[in-house]
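# Reading the structure
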Amino acid sequence: MTRTAVIFNEKATPDALVEFKDALSNTLTSILEPWSLEFKTFRKTTKNERSSNSSNIMYSVSFAHHDKGTVLIHDKYAIITTNNSNDIPKDLILNTCSTGTTEPIDNLLALRLSNIWSQRQGIRGDAGETLQTTNLIVRVVNLFSSTGFKGLLIELNSLDDDVSEEEFKISVDHVQTVLKDINCKDFKLSTDRLNFNENNGNRKLNILSDLAYQYIQVLEY
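From a predicted model like this one, the values you see are computed outputs, not experimental measurements.

## Some details on the side chain of Thr130
Position of Thr130 among the secondary structure elements: in strand β6 (residues 117–133). Overall, Thr130 belongs to the buried group, its relative accessible area being 1%. Looking at Thr130, its side chain comes within polar contact range of the main-chain oxygen of Glu33, at 2.6 Å. Apart from the residues lying within four places of it in its own chain, the contact partners of Thr130 are Ser30, Ile31, Leu32, Glu33, Pro34, Trp35, Ile137, Val138 and Arg139.

Right, dumping it as structure tokens:
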């Protein structure tokens, strides 16, 4: 299966992206398409005594580079939406459960659910670079919020779907070494998986949900 990891360095400078790319250059096999993402945090504006154990925070991660998908995560439950009408199952259109068009999840939250959820924070990464090594897809981007530069973010995807956990860890360790070599040491790393049962290896959701969960781990905790 494809394995993913996310690294974030809040103390990096905007120039760290170029330094990281240069340090990784001797292992690059190609440079791929640019990418972007948007990370948002929402706070619940209503109280429900019957769900007192429920978190008041919900996250959305929008991936332009992963089929324009958006993942909403609340209390470790995920919903995946898409801005690509081609991804809507035709059966839903035929039985009139879907009009065949998409509505961005941000519009839904802002226009129809604003009495329940209000946006608390927004972070964007635009014009990121995609680098391919012999065993990884490395996506790197500078993140910004309304207050300015937030830090350097790196998304790692295994190139081989059949890579083992041990092999992927070696690749991730190499990227961490590169960061330390350019004095970019104070970073957070997540390889966590959402709703993963360590006892039987049961995976209840897909890779995109895991990736969004990893973003939350490094950007919020």
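Having put the structure on the table, let's press on.
## Quick notes on the environment of Leu211
Locating Leu211 in the fold gives a position in helix α5 (residues 207–220). C-alpha separation for the pair Leu211 and Thr4, spaced 207 residues apart in sequence, amounts to 6.4 Å. When sequence neighbours within four positions are dropped, the list of residues in contact with Leu211 reads Thr4, Val6, Phe63, His66 and Glu155.

## Observations regarding helix α1 (residues 16–24)
Turning to α1, its buried residues number three or more, namely Ala16, Leu17, Phe20 and Leu24. An end-on view of α1 places all buried positions within 105 degrees of arc, on one side of the element. Where α1 is buried, its residues meet β2 (28–44), β6, β7 (136–145), β8 (148–158) and α4 (165–181).

## Points about the confidence of the model for the protein chain
Residues at a pLDDT of 70 or more form 81% of the protein chain, whose mean pLDDT is 84. Of the regions scoring below 50 in pLDDT, residues 197–202 engages in four contacts with residues more than four places distant in sequence or in other chains.

## Looking at the packing of aromatic side chains
Taken as a whole and assessed by the stated rule, the structure comprises three aromatic pairs. Ring geometry for Phe63 versus Tyr215: centroids 5.5 Å apart, planes at 70 degrees, classification edge-to-face. Residue Phe63 is found in strand β3 (residues 57–63), and its partner Tyr215 is found in helix α5; the two are separated by 152 residues along the sequence. Pairing Phe144 with Phe149 gives two aromatic rings, centres 5.5 Å apart and planes at 65 degrees, and the pair type is edge-to-face. With relative accessibility at 40%, the residue Phe144 sits in the partly exposed group. The exposure class assigned to Phe149 is partly exposed, which follows from its relative accessible area of 27%.

Cut-offs and rules
Residues numbered from 1 in each chain as written. Predicted model: local features only at pLDDT ≥ 70, side-chain atom pairs only at ≥ 80, totals over all residues. Heavy atoms only, no water. Helix = DSSP H or I, 4+ residues; strand = E, 2+ residues; numbered from the N terminus. Buried < 20%, exposed > 50% of the residue type's maximum accessible area, 1.4 Å probe, protein only. Polar contact = N/O pair within 3.5 Å; in protein donor to acceptor, adjacent residues only side chain to side chain. Contact = heavy atoms within 4.5 Å. Arc of directions from axis to C-beta. pLDDT = per-residue confidence, 0-100. Phe/Tyr/Trp six-rings, centres within 6.5 Å; stacked < 30°, edge-to-face > 60°.

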